[in-house]
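Descriptive analysis of the structure
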Amino acid sequence: MRPDLSGIDPLQLNLATRLSVGDMLTRSAFQFPDRTAVADGAEEISYAGLDAAAEAFGRGLLDAGLQRQQPVAFLLGNSWRFVATFFGCAKAGLVALPVNLMLPADDVAWILGDSGARAVVADPAFVPILEQVLPDLPQVTTVVVTGEAPASVAGRPVLRWDDVAADPTPLQVVVEDRDTLHCLYTSGTTARPKGVLTSHLAVHVAALSNALQVGHRHGHEFSVAPIVLPLFHTTALDTLLLPVLLTGGTAILPGGFEPRSYLDVVESRRATHLLLLPMMWAAVLATPGLDERDLSSVRLCMYAMAPMPQERIGQIAAAFPGADVLLGSGQTECVPATVLQWPAHQDTKSGSWGPAVVTVDTRIMGPAGDLLPRGETGEIVYRGPHAMSGYWNNPAANTAAFAHGWFHSGDVGHLDEEAVVWFTDRVKDMVKTGGENVSSVEVERVLLSFPEITEAAVIGVPDDQWGEAVTAVVVAADRAADPADLAQRLTAFCREHLAGFQVPKRIEVLAGLPKTATGKIQKHELRARFRG
């Protein structure tokens, strides 16, 4: 059965019925116009101000000649203008394409070329990169710069952000639920980055799911969340920022991470929801005077990207006694969080990923496409609205990603009797040694429980005898420690806590590990370094 809608203007019908991320901000602005939406350093912008700026910027992009569903690349740091630019694209039916600011110019150029972006919005600090890459990218015709801007960049006239966002007249254009909201390029740890296309529907449903599961409250007891991870990444953008703005909370953008000033923000702003990488949590716990601070407002302490030793989880719980300490997991291709620990599992199953969130079906699949029973190990697969629409310009990868009617994560694990997900390893990170499969994550957990180690990565290195030799690369807490002595004692520790085939046959001590902008260890760099 379908209604006869022939007498209704398509735009009016779309406005009345759609699920658009741009409308998310409009609703919050109507309900909480004077409440601070984003605190950007000393500058605060209300919901009404942010919504008006987003409407105006979206209109300005369309007036500059951009067409529906064309990508708009961002070279923007964390700021309220990043947020307004993102929502402006959402409202205008354009595709937001935040670029990883840690990438070298060559990769930035490749992404701009691969995506076909005609417009770039940049902070002044990134103008030199544009000067370097734009001469080889003739399709980029529109350059917008925040703050003080030169008259031109690589021969293109420059528009000032404030001038583009000059007309706050409400923007009304068709935006379909399945239109692409953003294109986020993966980190490209094994090849060129892949552009992940994600719809308004996927991101909106994920925001609702995250808000429900982490306890964001819509009303007077709103959430306050400091965000120090980069907004160009799905974790900060989709998992942290959007659920806060959906529910009328306040997002704090401190402009970087320094543990003492971060705690100042948490304390002074009465923050409720925190998410940090494991090394950031270690720095917070080591801050002098931590036990003298009033941190009673914090309701949730989350961590992501890497495992943490149980001892550190307990220390966080002690420092923030009113908060649950939970691990959130997900990936760019399936808007995080896809699985999330429950508070009830904080003590009993803190080493797990937790069960599936309310809007995602999570199962384990065998190599032939069969769903495996609980307790059996296989690939973790997802089904539900969080899944990406597909990769850009990569049909072969799309075919593999959606085989058998599920999204394939590339992660290995199993479900227990409560359907809690236990992660074993990335498929590509499993070490095959002497006929045995070794989980790098399991070995890393043991290494990180050694008190003299702050970071660890386990890789497989080609070996004539074993096929691959389990190799550990670690960072010592004491930078003056003797590497050979530390490696010897660490090997003995591993022999006490691991099976013989899991014990690293080689341990290297480095001053630091190569990481992405969001703290993920780049194991491909370590493999290349130690392959010989």
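This structure is a prediction, so every number in the text was calculated from the model and none was measured. (Residues numbered from 1 in each chain as written. Predicted model: local features only at pLDDT ≥ 70, side-chain atom pairs only at ≥ 80, totals over all residues. Heavy atoms only, no water.)

**Points about the overall build of the protein**
Selection rule: Helix numbering and strand numbering both begin at the N terminus, where a helix is a DSSP run of H or I of at least 4 residues and a strand a DSSP run of E of at least 2. Based on C-alpha atoms, the radius of gyration is set beside the globule rule, defined as 2.2 Å times the residue count to the power 0.38. Here the term buried applies to any residue with accessible area under 20% of the maximum for its type, exposed to any over 50%, and partly exposed to those in between, with areas from a 1.4 Å probe on protein chains only. We call two residues in contact when some of their heavy atoms are within 4.5 Å. Method for areas: the Shrake-Rupley scheme with a 1.4 Å probe, in which residue coverage is limited to the protein chains shown. As used throughout, the charge tally considers Lys and Arg to be positive and Asp and Glu to be negative, leaving His and the chain termini uncounted. The location of each charge is read from NZ of Lys, CZ of Arg, CG of Asp or CD of Glu.
When helices and strands are counted, the protein shows 16 helices and 27 strands. A compact globule built from 532 residues should have a C-alpha radius of gyration of about 24 Å, and the protein, at 24 Å, falls within 12% of that. In terms of overall dimensions, the protein has a C-alpha envelope of 70 × 55 × 55 Å along the principal axes. When the 532 residues of the protein are sorted by exposure, 57% land in the buried category. The long-range share in the protein, meaning contacts at least 24 apart out of those at least 6 apart in sequence, stands at 65%. A total accessible area of about 21900 Å² is found for the protein, and carbon and sulfur atoms account for 53% of it. Separation between the mean location of the 40 positive side-chain charges and that of the 59 negative ones in the protein comes to 2 Å.

**Description of the domain arrangement of the protein**
We count it as follows: Source of the domain bounds: an automatic or database domain assignment. We define buried area as the total accessible area lost by two parts upon association, computed with a 1.4 Å probe and summed across both. When a carboxyl oxygen of Asp or Glu lies within 4 Å of a side-chain nitrogen of Lys or Arg, that pair is called a salt bridge.
Domain boundaries in the protein define domain 1 (11-32 + 41-198), domain 2 (202-226 + 245-383 + 409-424) and domain 3 (429-528). For domain 2 and domain 3, the distance between their C-alpha centroids amounts to 25 Å. With 9 residues of domain 2 at the contact, the number on the domain 3 side is 10 residues. Roughly 990 Å² of surface becomes buried between domain 2 and domain 3 when both sides are summed, with 67% attributable to carbon and sulfur atoms. It is Met-305, Pro-307 and Thr-424 in domain 2 that bury the most area against domain 3; as a group they hold 44% of the surface buried on that side. Inspection of the domain 2/domain 3 interface yields 0 salt bridges.

**Some points on the sheet that holds strand 19 (residues 378-383)**
Within a sheet, adjacent strands bond to each other through the backbone by hydrogen bonds, running parallel or antiparallel. Our working definition: By the convention used here, strands pair only if DSSP detects at least 2 bridges between them.
Spatially, 17-22-21-19-18 is the arrangement adopted by the 5 strands of the open sheet, whose pairing is antiparallel. Of all the strands in the sheet, the pair left with one neighbour each is strand 17 (354-355) and strand 18 (361-365). Alignment of strand 18 against strand 19, held across 5 bridges, turns out to be antiparallel. Bridging across to strand 19, Asp-361 finds its partner in Arg-383.

**Re the packing of helix 11 (residues 278-285) against helix 12 (residues 310-319)**
Put simply, the rule is: To get an axis, fit a line to the C-alpha atoms, keeping to the stretch in contact for a helix; angles then go from 0 to 180 degrees between the N-to-C directions. Orientation categories follow fixed angle ranges, with anything under 35 degrees roughly parallel, anything over 145 roughly antiparallel, 65 to 115 roughly perpendicular, and all other angles oblique. Helix crossings are classified by the rotation of the near helix relative to the far one: an anticlockwise turn of less than a right angle makes the crossing left-handed, while a clockwise turn makes it right-handed.
Running from amino to carboxyl end, helix 11 crosses helix 12 at an angle of 50°, the nearest separation of the two axes being 11 Å. Of the possible angle classes, the one that applies to helix 11 and helix 12 is oblique. For the pair helix 11 and helix 12, the sense of crossing is left-handed. Of helix 12, the residues touching helix 11 (which contributes Pro-278, Met-279, Trp-281, Ala-282 and Leu-285) are Arg-312, Gln-315, Ile-316 and Ala-319.

**Examining the state of the cysteines**
Inclusion rule: Sulfur atoms of two cysteines make up a disulfide when they are within 2.5 Å.
Overall, the coordinates contain 0 disulfides when judged by the stated rule. Lacking any disulfide linkage, Cys-89 is separated from the closest cysteine sulfur, that of Cys-183, by 12 Å. The exposure class of Cys-89 is buried, given its relative accessible area of 0%.

**Thoughts on the environment of Leu-19**
By the secondary structure assignment, Leu-19 is in the loop between helix 1 (10-17) and helix 2 (21-31). Excluding residues within four positions of it along the chain, Leu-19 makes contact with Asp-177, His-200, Leu-201, His-204 and Val-205.

**Overview of the packing of aromatic side chains**
Operational definition: Pairing of aromatic rings covers Phe, Tyr and Trp, the last through its six-membered ring, and needs centres within 6.5 Å; plane angles under 30 degrees mean stacked, over 60 mean edge-to-face, and all others mean tilted. Consider the ring centre and the ring normal. A charge sits over the ring if Lys NZ or Arg CZ is within 6 Å of that centre and within 35 degrees of that normal.
Across all of its chains, the model carries 10 aromatic pairs by this definition. With 5.5 Å between their ring centres and 80° between their planes, Phe-86 and Phe-87 make a pair best called edge-to-face. An aromatic cluster of at least three residues, connected via ring pairs, comprises Phe-57, Trp-80 and Trp-161. A cation over a ring is seen here: Lys-194 above Tyr-391, with NZ or CZ 5.1 Å from the ring centre.

**Describing unusual backbone geometry**
Residue Pro-336 is joined to Ala-337 through a cis peptide bond whose omega torsion reads 0°. Here Ala-337 shows up in strand 16 (residues 334-340). Positioned with a positive phi, Ala-154 is a non-glycine residue whose angle comes to about 50°. Along the chain, Ala-154 falls in the loop between strand 7 (152-153) and strand 8 (156-160). One non-glycine residue, Asn-393, lies in positive phi territory at about 60°.

**Points about the pairing of strand 15 (residues 324-331)**
With respect to burial, strand 15 is a largely interior element, 6 of its 8 residues being buried. Where strand 14 (residues 300-303) and strand 15 come together, 4 bridges link them in parallel fashion. Note that in strand 15 the partner of Cys-301 across the bridge is Val-325. Relative to strand 16, strand 15 runs antiparallel, the two being bridged by 3 bridges. Note that in strand 16 the partner of Gln-331 across the bridge is Cys-334. Hairpin geometry of strand 15 and strand 16 is characterised by an intervening segment of 2 residues between the two adjacent antiparallel strands.

**Quick word on the side chain of Arg-527**
Looking at the secondary structure, you find Arg-527 in helix 16 (residues 523-530). In this view, Arg-527 contacts Lys-428, Asp-429, Ile-459 and Gly-460; residues no more than four positions away in its chain are not counted.

**Considering the sheet that holds strand 14**
Across the sheet, 4 strands lie side by side as 13-14-15-16; this open sheet has mixed pairing. Across the chains shown, the open sheet's two edge strands, defined by having one partner strand only, are strand 13 (273-276) and strand 16. Going across the sheet, the axis of each strand differs from the next one's by a mean of 30°, ignoring polarity. Taken strand by strand, helix 11 contacts strand 13 and strand 14, and its axis lies near 115° from that of strand 13.

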